[in-house]
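What follows is the residue order along each chain.
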Amino acid sequence: MSKLIFVVEDDPDVITLLQAIFAELKMNASFFNSAKKGLEEIIKQHPDLVIMDLMMPGISGFDLCRYIRNNQELKNTSIIVITGYDSPKIRSDISSYGIDDYLPKPFDIKDFVRLAEQKLVEEYCERKEIPYKSKTKEKRVDATERFMDVWKELDDEKKKQTE
């Protein structure tokens with residue numbers, strides 16, 4: 001099954017950029033230009049990954065995150081925030097809301113792709129009960145090597161589904 005990725009962003013330029021990135025990666029993502037529309041679909045579809053802005057009119061990214069983390073069916077959804085507001089207070093707030101990771105705007109495209117892929121791999125490993133990180137030195141798996149192995153498994157799984 002392909003990954004369900006939602007992007008909740010009110011800036012049309014950022015949406016255009018992210019659409020181009022996902023198209024280049026041949027990954028499907030659904031885009032919502034308001035937190036209200038995004039929340040409605042998050043509740044209905046339970047995405048694997050939500051990428052969102054923090055400062056949006058109406059419902060903020062913080063409010064959206066709070067809803068996701070407090071909902072039993074959604075609480076394990078991976079969340080990445082991209083924001084133009086990068087300060088020690090914002091970083092502290094991001095951590096306290098249970099946001100998995102964030103990138104300050106403007107962000108490096110390679111960093112964005114790496115982070116999005118990493119969150120999808122972590123979610124896949126958790127779902128399949130595959131150890132992603134080991135806590136003992138004897139069993140420690142090189143994270144980069146394991147990441148590439150799991151990403152190949154995901155890619156192979158996707159190819160099988162399209163055949």
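Everything discussed here concerns the structure shown above.
Mapping Glu41 onto the fold places it in helix 2 (residues 35-45). On the basis of relative accessible area, Glu41 is assigned to the buried category, the value being 17%. Once residues within four sequence positions are removed from consideration, Glu41 is found in contact with Phe6, Phe32 and His46.

All right, on to the environment of Lys119 then. Within the secondary structure, Lys119 is located in helix 5 (residues 109-128). In this structure Lys119 comes out as buried when scored by relative accessible area, which is 8%. Spatially, the C-alpha atom of Lys119 lies 8.4 Å from that of Ile79, the residues being 40 residues apart in sequence. Sequence-distant contacts of Lys119, that is, excluding residues within four places in its chain, are made with Leu49, Ser78, Ile80, Asp100 and Asp101.

Another point: the pairing of strand 3 (residues 49-52). Every second residue of strand 3 is oriented toward a common face, with Leu49 and Ile51 on one face and Val50 and Met52 on the other, all of them buried. Of the pairings in the sheet, the one linking strand 1 (residues 5-8) to strand 3 comprises four bridges and is parallel in character. Within strand 3, the position partnered with Val7 by the bridge is Ile51. Summarising the sheet, strand 3 and strand 4 (residues 78-83) pair through four bridges and their orientation is parallel. Each residue of the ladder has a partner; that of Val50, found in strand 4, is Ile79. As for the winding sense of the linkage, the β-α-β connection from strand 3 through helix 3 (residues 61-70) to strand 4 is right-handed.

So, how was this worked out
- Residues numbered from 1 in each chain as written.
- Predicted model: local features only at pLDDT ≥ 70, side-chain atom pairs only at ≥ 80, totals over all residues.
- Heavy atoms only, no water.
- Helix = DSSP H or I, 4+ residues; strand = E, 2+ residues; numbered from the N terminus.
- Buried < 20%, exposed > 50% of the residue type's maximum accessible area, 1.4 Å probe, protein only.
- Contact = heavy atoms within 4.5 Å.
- Pairing = 2+ DSSP bridges.
- Right-handed = clockwise from strand over helix to strand, strands pointing away.

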